[in-house]
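Survey of secondary and tertiary structure
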Amino acid sequence: MPKKNGINMTLPPADDLFSTQEERDEGKRESVREIALAEISDFPNHPFKVKMDEEMQDMKESIRKYGVLVPALVREKPSGGYEMVAGHRRKMASELAGQATMPCLVRNLSDDEAIIVMVDSNLQREKILLSEKAFAYKMKLDSMKRQGERTDLTSVPVAQKLQGKTSRQLLGEQVGESQDQIRRYIRLTELIQPILDMVDEGQIAMRPAVELFYLPKEQQEILHDTMQSEDCTPSHVQAIKMRKFSEEGKLDEDVIFSIMTEEKPNQVEQFRMPRKRIDRYFPQGTPKEKIEDTIVKALEFYQRNRPRKKDSRDER
């Protein structure tokens, strides 16, 4: 509102007029509340998987007996309700234990602050999948870049905090990784989900997986089909070869097949057969181990029951 006769006519907000300073301070203060689970939504694009494993069963039983001992961290949503920042596993365990509410610390956080807290709290876990770490690092790095004046949850200016370092260098120092390793992890986020699952399961090592990042999604799909049909995974050398052919515009289904079926150093000789020749004998989704066992048993049965050749001496 403009000044009138040199007097500032700007009025304070209505909340300030009808509340005490103590009440206003209390509203800004963090507090632990019992919040209905139905009012808490998951964090958008949460990179950490919440699994129904043995630890979850143990947590469920603990909550059933003693309740949630460590409050979750949430923030209020503009549209109403709350958004989980840290405590997704505790929320699921509470649901499994039949609880209707759980204790939560309500904190006022911006989007980027919430991402950083969410990532940092989950990186403390003992068991983290490579894909979880990859997406978590990417989310935190993007937030650090967006923050500008704040690179963590303090108010230290970026110029003072970074001291000439890149956001990736600073993130590496915070999580105990080199800048190059941070870059490798983030590249994993560009892999198609089936290949990323194989990385998480230890079927594909980190180094070849990083090279596969350079393949377009269509070529990754062809590679995954080839790995499934030929029961093989790429070595680091094979992954580099495919990357080179791809960059030259020469990588197609035949080249991928040729690279993936070449004999590796010290590789035990294997008998290979196109999967399509035997697919009609097995239901879709049959594990390869079961297919191998069935084929071996069939050969053993054939060996035992095949007609024996008469020895010429038997005819005398």
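Just so you know, these numbers come straight off a predicted model, no measurement behind them.

The secondary structure content of the protein chain amounts to 15 helices and five strands. With 316 residues in all, the protein chain has 34% of them scored as buried. Contacts in the protein chain between residues at least 24 apart in sequence constitute 70% of all its contacts with a sequence separation of at least 6. Looking at the protein chain as shown, the accessible area adds up to about 20,900 Å², and 50% of this sits on carbon and sulfur atoms.

In this section: the pattern of salt bridges. If you walk through the whole model with that rule in mind, you get 19 salt bridges. Between Arg75 and Asp111 there is a salt bridge, with the nearest N and O atoms lying 2.9 Å from each other. Linking Arg75 in strand E3 (residues 72–76) with Asp111 in helix H5 (residues 111–122), this pair joins segments that are 36 residues apart in sequence. Look at Asp111 and you get exposed, because its relative accessible area is 51%. Asp180 is the partner of Arg183 in a salt bridge, and the nearest nitrogen-oxygen pair spans 2.7 Å. Placement of the pair is Arg183 and Asp180 together in helix H9 (residues 179–188), with a separation of three residues, close to one helical turn. Classification of Asp180 as partly exposed rests on a relative accessible area of 40%. Salt bridges sharing common partners tie together Asp53, Glu55, Arg89 and Lys127.

The next thing to look at is helix H3 (residues 54–66). Counted at 1.5 Å a residue, the expected span for H3 with its 13 residues is 18 Å, and the 18 Å between its end C-alpha atoms agrees. Turning to H3, its buried residues number three or more, namely Met56, Lys60 and Ile63. Relative to the axis of H3, the buried residues are bounded by an arc of 70° and lie together on one face. The exposed set on the far side of H3, more than 90 degrees from its buried face, consists of Glu54, Lys65 and Tyr66.

At Asn45, a position not held by glycine, the phi torsion is positive, near 55°. Tracing the backbone through its elements, the reader meets Asn45 in the loop between strand E2 (40–41) and H3. A residue is classified by how much of its surface remains accessible, and Asn45, at 69% relative accessible area, is exposed.

What follows covers the packing of helix H13 (residues 236–247) against helix H14 (residues 253–260). At a minimum axis distance of 10 Å, the contact between H13 and H14 shows a crossing angle of 160°. One way to sum up the angle between H13 and H14 is to call them roughly antiparallel. Along this stretch, H13 crosses H14, giving a crossing that reads as right-handed. Contacts between H13 and H14 involve Gln238, Lys241, Met242 and Phe245 on the former and, on the latter, Val255, Ile256, Ile259 and Met260. The residue makeup of the contact of H13 with H14, split by class, is six nonpolar, one polar and one charged.

Mapped onto the fold, Thr189 is located in the loop between H9 and helix H10 (193–200). Residues within four places of Thr189 in sequence aside, it is in contact with Ala134, Phe135 and Lys138.

This part covers the sheet that holds E3. Across the sheet, five strands lie side by side as E1-E5-E3-E4-E2; this open sheet has mixed pairing. The outermost strands of the open sheet, each flanked by one partner alone, are strand E1 (31–36) and E2.

Calculation rules
Chains are numbered independently. Their residues run from 1 in the order of the written sequence. Thresholds applied to this predicted model are a pLDDT of at least 70 for local features of residues and 80 or more for the giving and counting of side-chain atom pairs; totals over whole chains, interfaces and linings are not thresholded and use all residues. Note that water and hydrogens are dropped before the side-chain values are worked out from all heavy atoms of the structure. Each helix is a run of DSSP H or I of at least 4 residues and each strand a run of E of at least 2, with the numbering of both proceeding from the N terminus. Burial classes follow relative accessibility: with a 1.4 Å probe on protein chains only, a residue under 20% of its type's maximum area counts as buried, one over 50% as exposed, and anything between as partly exposed. Contact definition: two residues touch when any of their heavy atoms are within 4.5 Å. In short, Shrake-Rupley with a 1.4 Å probe defines the accessible areas, and a residue's cover is counted only from the protein chains shown. Whenever Lys or Arg places a side-chain nitrogen within 4 Å of a carboxyl oxygen from Asp or Glu, that contact is recorded as a salt bridge. The span one expects for a helix is its residue count, reduced by one, times 1.5 Å. Throughout, the arc means that of the directions going from the helix axis to the C-beta atoms. Angles here are taken between N-to-C directions and fall from 0 to 180 degrees, while the axes themselves are lines fitted to C-alpha atoms, restricted in helices to the stretch in contact. By the definition adopted for this analysis, an angle is roughly parallel if under 35 degrees, roughly antiparallel if over 145, roughly perpendicular if from 65 to 115, and oblique otherwise. Helix crossings get a hand from a simple test, with the near helix turned counterclockwise from the far one by less than a right angle marking a left-handed crossing and a clockwise turn marking a right-handed one. Polar here means any residue other than Ala, Val, Leu, Ile, Met, Phe, Trp, Tyr, Cys and Pro, which are nonpolar, and Asp, Glu, Lys and Arg, which are charged; Gly is therefore polar. Two strands are counted as paired when DSSP detects at least two bridges linking them.

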